[in-house]
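So the chains spell out like this:
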Amino acid sequence: HTGTLFGGYENKPIILGVIWLVFVIEMLLRFFPSRVESMGCRKQFAKNYIPTGKTQPLLQSNRVTILIALGWLAFNGIFGALYLMKIMDKGMMVLLSLAFSVCDLICILFFCPFQTWFMKNKCCVSCRIYNWDYAMMFTPLLFIGGLFAWSLLAIAVALLLHWEYAVYKYPERFTENTNDCLSCKNCPEKLCRHKKQLQKFLKKNRALLRSRGTKLWK
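Quick look at the structure, then. (Residues numbered from 1 in each chain as written. Predicted model: local features only at pLDDT ≥ 70, side-chain atom pairs only at ≥ 80, totals over all residues. Heavy atoms only, no water.)

Our next topic: the environment of arginine 42. The topology assignment puts arginine 42 in helix 2 (residues 39-42). In this structure, the C-alpha to C-alpha distance between arginine 42 and phenylalanine 174, residues 132 residues apart in sequence, is 9.8 Å. Dropping the residues within four chain positions of it, arginine 42 is found in contact with Pro33, Ser34, Arg35, Glu37 and Asn48. (Helix = DSSP H or I, 4+ residues; strand = E, 2+ residues; numbered from the N terminus. Contact = heavy atoms within 4.5 Å.)

Shown next as structure tokens:
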């Protein structure tokens, strides 16, 4: 069908309902210390707090955090303007939201610009804005409107506010120097190790990849 993403199936209520339900369940799990979630978002809960004996948490800069939030809103404002000018349609905004979802996985597994250029945190587990992912992912849905879009965004924003309240109320849970649960020795995920291995591999083989790419273009 012309003007549809997947032959019109994305407009069927049952398909939209299943997609909506999956995201809602994933977000609701974040409100509780579920073991299926990463320690990066579970560190806000008391059961995942192991005191180190230090009392001054070394939180990442609030100024940088605010700048990231403002920058993200401004960035999405560009797409919002394009949507209001009818240069982009609802389907494109949904695709943009899905693209942000893929980018979130890339940040976790390969390279995170927020970590490297702004927050300077050692890994995802210690990230100050870890639980911002759904709010950032669903930001484009703000311009679409409708029950499915706005309900997802509302839950995502509620999750973000819940997270920020925990940061304000219990900052000692969010830093490695005060919460031993975030130390490398207690980390069950080791995602940063895989990320570093990949980065070393790419750096080591960059010249080889470039030479092969040049040969392909000749």
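In this section: the side chain of arginine 30. Looking at where arginine 30 falls in the secondary structure, it is placed in the loop between helix 1 (13-29) and helix 2. Of the residues examined, arginine 30 reaches a relative accessible area of 5% and is grouped as buried. Within the structure, the side chain of arginine 30 is placed 2.7 Å from the side chain of asparagine 131, a separation counted as a polar contact. Among all residues touching arginine 30, those that are not within four sequence positions of it are Glu37, Cys41, Gln44, Phe45, Tyr130, Asn131, Asp133, Tyr134 and Leu159. (Buried < 20%, exposed > 50% of the residue type's maximum accessible area, 1.4 Å probe, protein only. Polar contact = N/O pair within 3.5 Å; in protein donor to acceptor, adjacent residues only side chain to side chain.)

This part covers the state of the cysteines. Summed over the entire model, instances satisfying the criterion amount to zero disulfides. Cysteine 124 takes part in no disulfide bond, and the closest cysteine sulfur to it belongs to cysteine 112, at a distance of 6.3 Å. (Disulfide = S-S within 2.5 Å.)

It is worth spelling out the pattern of salt bridges at this point. Side-chain pairs of opposite charge can arise whenever the charged atoms involved come near each other. Counted under the stated rule, the structure contains five salt bridges. Two residues, glutamate 37 and arginine 30, come together in a salt bridge whose shortest N-O distance is 3.0 Å. Across the salt bridge formed by lysine 122 and glutamate 176, the nearest N and O atoms sit 2.9 Å from each other. Within this pair, whereas lysine 122 is found in the loop between helix 5 (113-119) and helix 6 (133-137), its partner glutamate 176 is found in the loop between helix 7 (147-169) and helix 8 (191-204), the two being separated by 54 residues in sequence. The exposure class of lysine 122 is partly exposed, given its relative accessible area of 32%. We classify glutamate 176 as partly exposed; its relative accessible area is 33%. (Salt bridge = Lys/Arg side-chain N within 4 Å of Asp/Glu carboxyl O.)

Its volume calculated, the second largest pocket comes out at about 380 Å³. As for the second largest pocket, its lining consists of 17 residues, of which Asp104, Cys107, Phe114, Asp133 and Met136 are closest to the centre. Broken down by secondary-structure element, the contributors of at least two residues to the lining of the second largest pocket are helix 4 (90-109), helix 5 and helix 6. Considering every element that reaches the lining of the second largest pocket, the biggest residue donor is helix 4, with five residues. A per-class count over the lining of the second largest pocket returns 15 nonpolar, no polar and two charged. (1 Å grid on protein atoms, 1.4 Å probe; cavity = no way out; pocket = protein on both sides within 12 Å on 5 of 7 lines; lining within 4 Å. Points joined across faces, edges and corners; volume = space filled by probe spheres on them. Nonpolar A, V, L, I, M, F, W, Y, C, P; charged D, E, K, R; others polar.)

Next up on the list: the packing of aromatic side chains. One pass over the structure, following the stated rule, counts 10 aromatic pairs. When the centroid spacing of 6.3 Å and the interplanar angle of 45° are considered together, the rings of phenylalanine 75 and phenylalanine 100 count as tilted. Of this pair, phenylalanine 75 sits in helix 3 (residues 62-84) while phenylalanine 100 sits in helix 4, placing them 25 residues apart in sequence. Judged by relative accessible area, which is 37%, phenylalanine 75 ranks as partly exposed. Seen from their ring centres, phenylalanine 114 and phenylalanine 118 are 6.5 Å apart, and the 40° between their planes marks the pair as tilted. Residue phenylalanine 114 and its partner phenylalanine 118 are located together in helix 5, separated by four residues, close to a single helical turn. (Phe/Tyr/Trp six-rings, centres within 6.5 Å; stacked < 30°, edge-to-face > 60°.)

As a further point, take the nonpolar core. Counting 37 residues, the largest nonpolar core has Met27, Tyr130, Trp132, Tyr134, Phe138, Leu152 and Trp163 as its most contacted members. Elements with a contribution of two residues or more to this core: helix 1, helix 3, helix 4, helix 6 and helix 7. The element that contributes the greatest number of residues to this core is helix 7, accounting for 10 residues. Listed in part, the six residues of the second largest apolar core include Met39, Cys123, Cys181 and Cys187. (Core = buried A, V, L, I, M, F, W, Y, C linked by side-chain atoms within 4.5 Å.)

Looking now at unusual backbone geometry. Trans is the prevailing form of peptide bonds, just as negative phi is the prevailing case for residues other than glycine. Residues other than glycine seldom take positive phi values, yet lysine 86 does so here, at roughly 65°. With respect to the secondary-structure elements, lysine 86 resides in the loop between helix 3 and helix 4. Its identity is not glycine, yet lysine 120 carries a phi of approximately 60°, on the positive side. Classification of lysine 120 as exposed rests on a relative accessible area of 59%.

This part takes up the side chain of serine 38. Inspection of the secondary structure puts serine 38 in the loop between helix 1 and helix 2. When its relative accessible area of 15% is taken as the criterion, serine 38 is described as buried. Discounting residues that sit within four places of it in the chain, serine 38 has contacts with Tyr130 and Glu189.

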